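Single-letter residue listing:
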Number of protein chains: 2
Amino acid sequence: MSGAAPNGTAQAVTHAQMAAALRVLAMDAVEQAQSGHPGMPMGMADVATVLFTRFLKYDAAAPDWPDRDRFVLSAGHGSMLLYALLHLSGNPAMTVDELRRFRQLGSLTPGHPEYGHTPGVETTTGPLGQGLATAVGMAIAERMLSARHGPGLVDHRTWVVAGDGCLMEGISHEAISLAGHLRLNKLCVLFDDNGITIDGSTALSCSDDMLRRFEASGWAACRIDGHDPEQIAAALSAAQTGGKPTLIACRTTIGYGAPTKAGTAGVHGAPLGADEIRAARRAFDWPHPPFEIPGAIAAAWQRAGARGAALRERWQQRLEQAPAEQRRAFAEALAGGIAPGVGDAVRTFKRAAREAGKPEATRVSSQKVLDLLGRAQPNLVGGSADLTHSNNTIAAGMRAVAPGDFSGRYLHYGIREHAMAAAMNGIALHGGFIPYGGTFLVFSDYCRPSMRLSALMNQRVIYVMTHDSIGLGEDGPTHQPVEHLASLRVIPNLQVMRPADAVETAECWQLALQSAQTPSVLCLSRQNLPILRTAHDDDNRCARGAYVLREAQGRRDATLLATGSEVALALDAALQLATQGIDAAVVSMPCWERFEQQPADYRKAVLGTAPRFGVEAALRQGWDRWLGDDGGFIGMTGFGASAPAKDLYPHFGLTVERITEIVRTAVQASSPARREEA
Amino acid sequence: MSGAAPNGTAQAVTHAQMAAALRVLAMDAVEQAQSGHPGMPMGMADVATVLFTRFLKYDAAAPDWPDRDRFVLSAGHGSMLLYALLHLSGNPAMTVDELRRFRQLGSLTPGHPEYGHTPGVETTTGPLGQGLATAVGMAIAERMLSARHGPGLVDHRTWVVAGDGCLMEGISHEAISLAGHLRLNKLCVLFDDNGITIDGSTALSCSDDMLRRFEASGWAACRIDGHDPEQIAAALSAAQTGGKPTLIACRTTIGYGAPTKAGTAGVHGAPLGADEIRAARRAFDWPHPPFEIPGAIAAAWQRAGARGAALRERWQQRLEQAPAEQRRAFAEALAGGIAPGVGDAVRTFKRAAREAGKPEATRVSSQKVLDLLGRAQPNLVGGSADLTHSNNTIAAGMRAVAPGDFSGRYLHYGIREHAMAAAMNGIALHGGFIPYGGTFLVFSDYCRPSMRLSALMNQRVIYVMTHDSIGLGEDGPTHQPVEHLASLRVIPNLQVMRPADAVETAECWQLALQSAQTPSVLCLSRQNLPILRTAHDDDNRCARGAYVLREAQGRRDATLLATGSEVALALDAALQLATQGIDAAVVSMPCWERFEQQPADYRKAVLGTAPRFGVEAALRQGWDRWLGDDGGFIGMTGFGASAPAKDLYPHFGLTVERITEIVRTAVQASSPARREEA
């Protein structure tokens, strides 16, 4: 370790010294950056020291060992605690130079921990409550993977550090309630119970009896002095027994050791300043300069970080001695590849759908695709936020996961969209499964913070979001998405797909599975849609994001661009226009993000040079990108209304007649010759 | 009442008959619509009957009497319960014809209750948990208004019907925790504890001990048989005493009375069918045809609905006898008008800001504006989701509301963005106050479902959202909004404002206050911004949404469009371009929604015919609307990064040099003559 004193022999090192190393690194890095949060790392250093030196199963040299315990810093603003732990315990990437570059461009030590950016960071945290709910997903995945491959290969715990912020956020309730219901007894939450939030004392805003709250949701709960290593160890020990998840409320002093600022909101999110740091160093009996760790303390931390090496080797031996079939299945699940049967299933389904030729809601098509995919891809894990038979998310033969029985493949997430999304992030991050989960598209708003993290973390999480427009009818404007397609399309690295028929639905599912670094949203109709892709075609045409579904007979007079349920309207309008001498192409655009990634030539050929008209039962925002100055848009202009869908489409002007009229008028206006003919 | 039998004399009518009237109307209306949710109204009919006939303070003939009890159907899918109650109790608008037109276009009986559409509906519900959290806001407003105007004018209760769905949603935790903390003892939640969700038994997904959960957050809680009128009455009685909010878990049978479907998920969201309805009629001893209520039962309901008339008259007398000053203050608060001093305050601030001429973060400018507005507009009520001194939301002299003391004007909402937004909806709906509340812009995702309802309900709720771009710096991509401006702009009837300097900040605040039917989001910078509006100007130039901040000297070669912190970059780029012989205008666009509403001539004059370039530290979506085919955009293309803001702007290409280069290249390419000159 750079900066370590030379004398690294195994001399006696106290708990207080090891914890002080964390505290000093945290306060020094924040001071160096002149930005950051020293309070939490200093407050939780004792708990973290006991956990990392005596309990956590990990091998710092191999931070991606599959059977490691997962450590989630839900209170992500305390990132220096995690970076200091990674550094001291011997994570090879986390050098002292990275600590010195805390919060600087390109360092491995960003303001909040970022998964995929820093080895050893299990999940991106910072938006409060997300880590906790993601950890619930990890704990679910652990149990499910263990149920399939046995405790010899999968047997680890999930530890979470959460603060008042995490526990005040609504998502915490969903996560705690779900974890308690499923009896995730290998999950332990270490609550940094410091009585301080940014505004001041927690008494300003919160009077919850936290232990009682967790107990009400089926957790074991206790309170300890978070600065007493023996109390900490006893509580961590106890958390490893019993049949429930555990909350340990650790009474701590935020900014512990800072002589005047400890225990105040002032130490939460600002550098301590030189004077305070000098005094804290004296309090810790720590005469060493910034970023320098005495050899004995460094060595003790390194030994802690290597504690798991032998465990990992034994695990490796068990894996190697396992039957070939088990080894293969385990490796395949973790590798996250797509089974060859998926392509066959999609082609089979498409052929059958074309041959049947029957109108069908894309949510129903999705169900039928899932029946096949579920068989082809054994690590596909479904679920819904209590809309199983509306989202059509349970595939044939999928049994539900139940408390104490994790052999199933379907999760009844309950009416908890936010925790569902975060748990799916956790399942994907843990490895071994590809999660999908359903709700109504309008309720994507309820899980948006977690969807953003799916995208930011490059996780393959598949959101099945049905009832995707006013086409859902009578439930009215509270249930009718109008702005949601646009608001999801704008999230970077999120693939929003809105298939037009059964064939496109199968293709979009295939793309969602193949997109290993990108979450997908499948926007599906409640109402029946005709089969539009009637020609035999084994290619996945949705893969390019948009394609010409109907080409003009001669030179294009207009191009109609549409998605989902409105592609059929656009096609009918093109037929109408043809009778009026206007030659219109129709482009289906199931996935804008994919279309954007196509070569310019392809995009130009699809979009054409004739005036373009967008048709979508949603708001216009974003469409101008495709329409150009001569274009037009037929869609929604505000919220929906409660009525049967058959009445709503005409009410909001989404009819073949109106599309035809708008296109005809515009085309004739832009083409004087044609206008004279007419 | 249309459809009532003629014999309306006061003969003995039983509780069971009155409850049966609700049940039958609900099942018949759903059957007629062939769509809807009969299960909840049938299950909760007994509770609703006892509440409306013996406890609720209301006068059905005057559904907007200010001192009425508020009744919130948080489980909004059970809308027929509310419509049947309004109809039977004598709400003049809710005729039997409206019931017959349940869920039809333009009826007063949409699928979910819609505030502003149906008299007597206190808030729009349907998205689960919203009603409960909105009710918390109503209960806060009641206590605050009572603290100001006395119990003689303000002394009413808030009653909520919530189901398992409401209580599983995360927002319920935030709402319950906040209500318990503030000891909102006039709030009572009637939990429809029927053990059923859409997927089946609640045992599939939830094991919470609900009483214990509420008690942990400082509520009184009990469980009763929700079909026993005496138990119901006793519990409602008890809820009116004591110092805590009350949960009454009402054990009910969903679809009570449906012989084969009661107690199953099958009765939740689908018509019962003719056979089941026939059998249920027999069970209720109800031989009457659909929508026909026997005279005695109708009369008994009418008497219940008129119970409050005398109370209302006495209240009216107290109001008339109150001192003139109190009458005036009460009337002004309820009218929701803007005090004349607001305009003065804004002008004063603008002048001082121009004269000082100092760079300042718009969040800090906002604080200073608030210091003045707080004095000018006494019913302005502030708050923050635990970021008070980051959002700069507490105005000079504002004291905090505390448990048992509602004389303050500032709410420490805690780390509960979602409940904050919903509570602000409730405060606005209740009347008497104009609420604003702060968080970071990126965390608008956490409260988006409630923001959508602010817009759908036309409520003046002001969201103060600071740290509005990568300009926040080191906290990194989890805290840096890039998609949020677009995702908020797409919500209908939501005014998204991003002021460029202190002057625009004051103007935007004025517009937010003046927009009585529209919620606003103020997007404010963490970093300092120079004063750009240096010319003396008492007009509110932001009122038109966009305006020419710098006109070209001659014919425009280009127009730069920018918002917020990037307007200064655009101005500097225009100066650079001028040195290169390119004459660029700069348009500040603080509010797209307002600009869209301007006459076409104004829009054209502002946008000009020269090539247009958007500059915003956010994603492009939506900008193409303003840029046209020749335009360009300088902004973000993905998530941000953790680093000091001064490093991030160059890293992401947001510099004067790059803007200048892009505009120059494009302008010269589009103008061969100029290219030759260059």
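This structure is a prediction, so every number in the text was calculated from the model and none was measured.

## Notes on the overall build of chain A
When its secondary structure is counted, chain A shows 27 helices and 20 strands. Scaling as 2.2 N^0.38, a compact globule of 678 residues should have a C-alpha radius of gyration of about 26 Å, and chain A matches this with 28 Å. Burial status across chain A gives 68% buried among its 678 residues. Contacts spanning at least 24 positions in sequence make up 78% of the contacts within chain A whose residues lie at least 6 apart.

## Concerning the domain arrangement of chain A
All names here are of chain A. When its domains are assigned, chain A resolves into domain 1 (15-313), domain 2 (340-523) and domain 3 (547-671). Relative to domain 2, the C-alpha centre of domain 1 lies at a distance of 33 Å. Across the boundary between the two partners, domain 1 contributes 28 residues, which contact 32 residues of domain 2. Counting the surface lost from both domain 1 and domain 2, the interface buries some 2600 Å², and carbon and sulfur atoms represent 70% of this. Our count for the domain 1 to domain 2 interface comes out at zero salt bridges.

## Here's the deal with the interface of chain A and chain B
Contacts between the two partners involve 96 residues from chain A, matched on the other side by 95 residues from chain B. Taken over both partners, the interface formed by chain A and chain B buries close to 8000 Å², and the fraction arising from carbon and sulfur atoms is 56%. Run the count over chain A and chain B and you get eight salt bridges. Measuring nitrogen to oxygen at the nearest pair gives 3.0 Å for the salt bridge that ties Arg 212 of chain A to Glu 215 of chain B. Summed over the shared surface of chain A and chain B, the number is 63 residue pairs in polar contact (both at pLDDT 80 or more). In terms of residue count, helix H18 (residues 444-456) of chain A provides more of the side of chain A that touches chain B than any other element does, eight residues in total.

## Details of the sheet that holds strand E16 (residues 547-550) of chain B
All names here are of chain B. Strand order in the open sheet made by the five strands is E16-E18-E17-E19-E20, with mixed pairing throughout. Edge positions in the sheet fall to E16 and strand E20 (632-634), since each has one partner strand and no second. Geometrically, the sheet is characterised by an average inter-axis angle of 30° between neighbouring strands, direction not taken into account. The pairing of strand E17 (residues 558-562) with strand E19 (residues 612-615) spans four bridges and is classified as parallel. By the bridge assignment for E19, Leu 561 is matched with Gly 614. Lying on the sheet, helix H26 (residues 656-670) is in contact with E17, E19 and E20; it crosses E19 at an angle near 160°.

## Re the sheet that holds strand E1 (residues 70-73) of chain B
All names here are of chain B. Spatial ordering of the open sheet is given by E1-E2-E3-E7-E6, a layout of five strands whose pairing is parallel. For this open sheet the edge positions go to E1 and strand E6 (220-225), each flanked by a neighbour on one side alone. Sheet twist, expressed as the average angle between the axes of neighbouring strands with direction ignored, equals 15°. With four bridges joining them, E1 and strand E2 (residues 158-162) adopt parallel strand pairing. Its bridge partner being in E2, Phe 71 is matched across the sheet by Trp 159.

## Regarding the environment of Leu 73 of chain A
Positionally, Leu 73 of chain A belongs in strand E1 (residues 70-73). Taking the C-alpha atoms as reference, Leu 73 of chain A lies 15 Å from Val 50 of chain A; in sequence the two are 23 residues apart.

## Description of the UniProt feature "domain: Transketolase-like pyrimidine-binding" (unreviewed entry) in chain A
When the UniProt feature table is mapped to this numbering, "domain: Transketolase-like pyrimidine-binding" (unreviewed entry) covers residues 360-531 of chain A. Summarising residues 360-531 of chain A: 38% helix, 18% strand, and an end-to-end C-alpha distance of 8 Å.

## Examining the packing of helix H1 (residues 15-33) of chain B against helix H11 (residues 295-306) of chain B
All names here are of chain B. Remark: H1 packs on H11, axes separated minimally by 10 Å, with the N-to-C direction vectors making an angle of 95°. Comparing the axis directions of H1 and H11 gives the class roughly perpendicular. Contacts between H1 and H11 involve Gln 17, Met 18, Ala 21 and Leu 22 on the former and, on the latter, Ile 297, Ala 300 and Trp 301.

## A closer look at the side chain of His 412 of chain B
As for its position among the elements, His 412 of chain B is in strand E10 (residues 410-412). One polar contact links His 412 of chain B to Asp 199 of chain A, side chain to side chain, over a distance of 2.9 Å. Those residues in contact with His 412 of chain B, other than ones at most four positions away along the chain, are Asp 199, Leu 204 and Ser 205 of chain A together with Leu 178, Ser 384, Thr 388 and Ala 400 of chain B.

## Things to note about the relation of the copies chain A and chain B
In screw terms, the move from chain A to chain B is a rotation of 180° and a rise of 0.0 Å along the axis, fitting with an RMSD of 0.0 Å. When the rotation and shift are considered jointly, the pair of chain copies conforms to a two-fold rotation axis. Proximity to the rotation axis, assessed at the C-alpha, singles out Gly 170 of chain A in chain A; its C-alpha lies 1.9 Å from the axis. Interface residue correspondence from chain A to chain B reaches 99%, placing this contact among same-surface, isologous pairings.

## Details of unusual backbone geometry
One non-glycine residue, Asp 386 of chain B, lies in positive phi territory at about 65°. In this fold, Asp 386 of chain B is placed in the loop between strand E9 (380-384) and helix H16 (388-391).

## Description of the pairing of strand E6 (residues 220-225) of chain A
All names here are of chain A. The pairing of E6 with strand E7 (residues 246-251) spans six bridges and is classified as parallel. From the neighbouring strand, Asp 225 faces E7, where its bridge partner is Arg 251. Crossover handedness for the path E6 to helix H9 (residues 229-239) to E7: right-handed.

## Considering the pattern of salt bridges
All names here are of chain A. All told, the structure shown has 76 salt bridges over all chains when counted by the stated rule. With a shortest N-O distance of 2.7 Å, Glu 616 and Arg 489 are connected by a salt bridge. In this pair, Glu 616 sits in strand E19 (residues 612-616) while Arg 489 sits in helix H19 (residues 484-489), placing the two residues 127 residues apart along the sequence. Under the relative-accessibility criterion, Glu 616 is labelled buried at 1%.

## Remarks on H11 of chain B
The end-to-end C-alpha separation of H11 of chain B is 16 Å, in line with the 16 Å expected for 12 residues at 1.5 Å each. Every buried residue belonging to H11 of chain B is among Gly 295, Ala 296, Ile 297, Ala 298, Ala 299, Ala 300, Trp 301, Ala 304 and Gly 305 of chain B, and all of these are buried.

## Section: the packing of aromatic side chains
Under the criterion given, the structure shown has 28 aromatic pairs over all chains. Residues Trp 592 of chain B and Trp 626 of chain B carry aromatic rings whose centres are separated by 5.8 Å and whose planes lie at 85° to one another, so their mutual orientation is edge-to-face. Here Trp 592 of chain B, found in helix H22 (residues 592-596), pairs with Trp 626 of chain B, found in helix H24 (residues 624-627); they are 34 residues apart in sequence, far enough to count as distant. The pair formed by Trp 592 of chain B and Trp 626 of chain B is uniform in burial state, with each residue classed as buried. Clustering of aromatic rings is evident, with ring pairs tying together Trp 592, Phe 595, Tyr 602, Trp 623, Trp 626 and Phe 633 of chain A. Lying over the aromatic face of Trp 592 of chain B, Arg 489 of chain B brings its terminal NZ or CZ to 3.7 Å of the ring centre.

## Topic: the environment of Leu 549 of chain A
Residues and elements named next belong to chain A. By secondary structure assignment, the location of Leu 549 is in strand E16 (residues 547-550). The sequence separation of Leu 549 and Val 567 amounts to 18 residues, and the corresponding C-alpha distance is 9.1 Å. Apart from residues no more than four positions distant in its own chain, Leu 549 is found in contact with Leu 532, Arg 533, Val 567, Leu 571, Val 586, Val 587 and Ser 588.

## A short note on the UniProt feature "binding site: Mg(2+)" (unreviewed entry) in chain A
Taking the UniProt record as the reference, the feature "binding site: Mg(2+)" (unreviewed entry) is found at Asp 164, Asn 194 and Ile 196 of chain A. For this annotated set, covering 33 residues, all C-alpha atoms fall within 8.0 Å of each other, a compact arrangement in space. Residue position: Asp 164 of chain A is located in helix H6 (residues 164-168). The residues touching Asp 164 of chain A, leaving out its near neighbours within four places in the chain, are Phe 191, Asp 192, Asn 194, Gly 195, Ile 196, Thr 197 and Thr 202 of chain A together with Ile 415 of chain B. Tracing the backbone shows Ile 196 of chain A in strand E4 (residues 196-197). Residues within four places of Ile 196 of chain A in sequence aside, it is in contact with Asp 164, Ser 201, Thr 202, Ile 254, Gly 263, Thr 264 and Ala 265 of chain A.

## Quick look at a negative patch on the surface
On the surface, Asp 629 and Asp 630 of chain A together with Asp 629 and Asp 630 of chain B cluster together into a negatively charged patch. With relative accessibility at 58%, the residue Asp 630 of chain B sits in the exposed group.

## Quick notes on the packing of helix H5 (residues 130-149) of chain B against helix H7 (residues 170-182) of chain B
Packed helix pairs are characterised by how far apart their axes lie and by the angle those axes make with each other. Residue and element names in this part refer to chain B. In the contact formed by H5 and H7, the axes pass within 8 Å of each other and the chain directions differ by 20°. With respect to each other, H5 and H7 are oriented roughly parallel. When you trace H5 past H7, the crossing you get is left-handed. Residue-level contacts link Gln 130, Leu 132, Ala 133, Val 136 and Ile 140 of H5 to Ile 171, Ser 172, Ala 175, Ile 176, Leu 178, Ala 179 and Leu 182 of H7. Class assignment of the residues belonging to the contact of H5 with H7 gives a composition of 10 nonpolar, two polar and no charged.

About the thresholds
Residues numbered from 1 in each chain as written. Chains lettered and ligands numbered in written order. Predicted model: local features only at pLDDT ≥ 70, side-chain atom pairs only at ≥ 80, totals over all residues. Heavy atoms only, no water. Helix = DSSP H or I, 4+ residues; strand = E, 2+ residues; numbered from the N terminus. Rg over C-alpha atoms; globule rule 2.2 N^0.38 Å. Buried < 20%, exposed > 50% of the residue type's maximum accessible area, 1.4 Å probe, protein only. Contact = heavy atoms within 4.5 Å. Domains from an automatic or database assignment. Buried area = accessible area lost by both parts, 1.4 Å probe. Salt bridge = Lys/Arg side-chain N within 4 Å of Asp/Glu carboxyl O. Polar contact = N/O pair within 3.5 Å; in protein donor to acceptor, adjacent residues only side chain to side chain. Pairing = 2+ DSSP bridges. Axes fitted to C-alpha atoms, helices over the stretch in contact; angles between N-to-C directions. UniProt positions renumbered as here; feature names shortened; annotations may be inferred. Parallel < 35°, antiparallel > 145°, perpendicular 65-115°, else oblique. Least-squares fit on C-alpha atoms with pLDDT ≥ 70 in both. Right-handed = clockwise from strand over helix to strand, strands pointing away. Expected span 1.5 Å × (residues − 1). Phe/Tyr/Trp six-rings, centres within 6.5 Å; stacked < 30°, edge-to-face > 60°. Lys NZ or Arg CZ within 6 Å of the ring centre and 35° of its normal. Patch = residues over 30% accessible without salt bridge, like charges linked within 9 Å, V, L, I, M, F, W, Y side chains within 5 Å. Areas by Shrake-Rupley, 256 points an atom, 1.4 Å probe, with all protein chains shown as cover. Lys, Arg positive; Asp, Glu negative; His and termini not counted. Charge placed at Lys NZ, Arg CZ, Asp CG, Glu CD. Left-handed = near helix turned anticlockwise from the far one by under 90°. Nonpolar A, V, L, I, M, F, W, Y, C, P; charged D, E, K, R; others polar.

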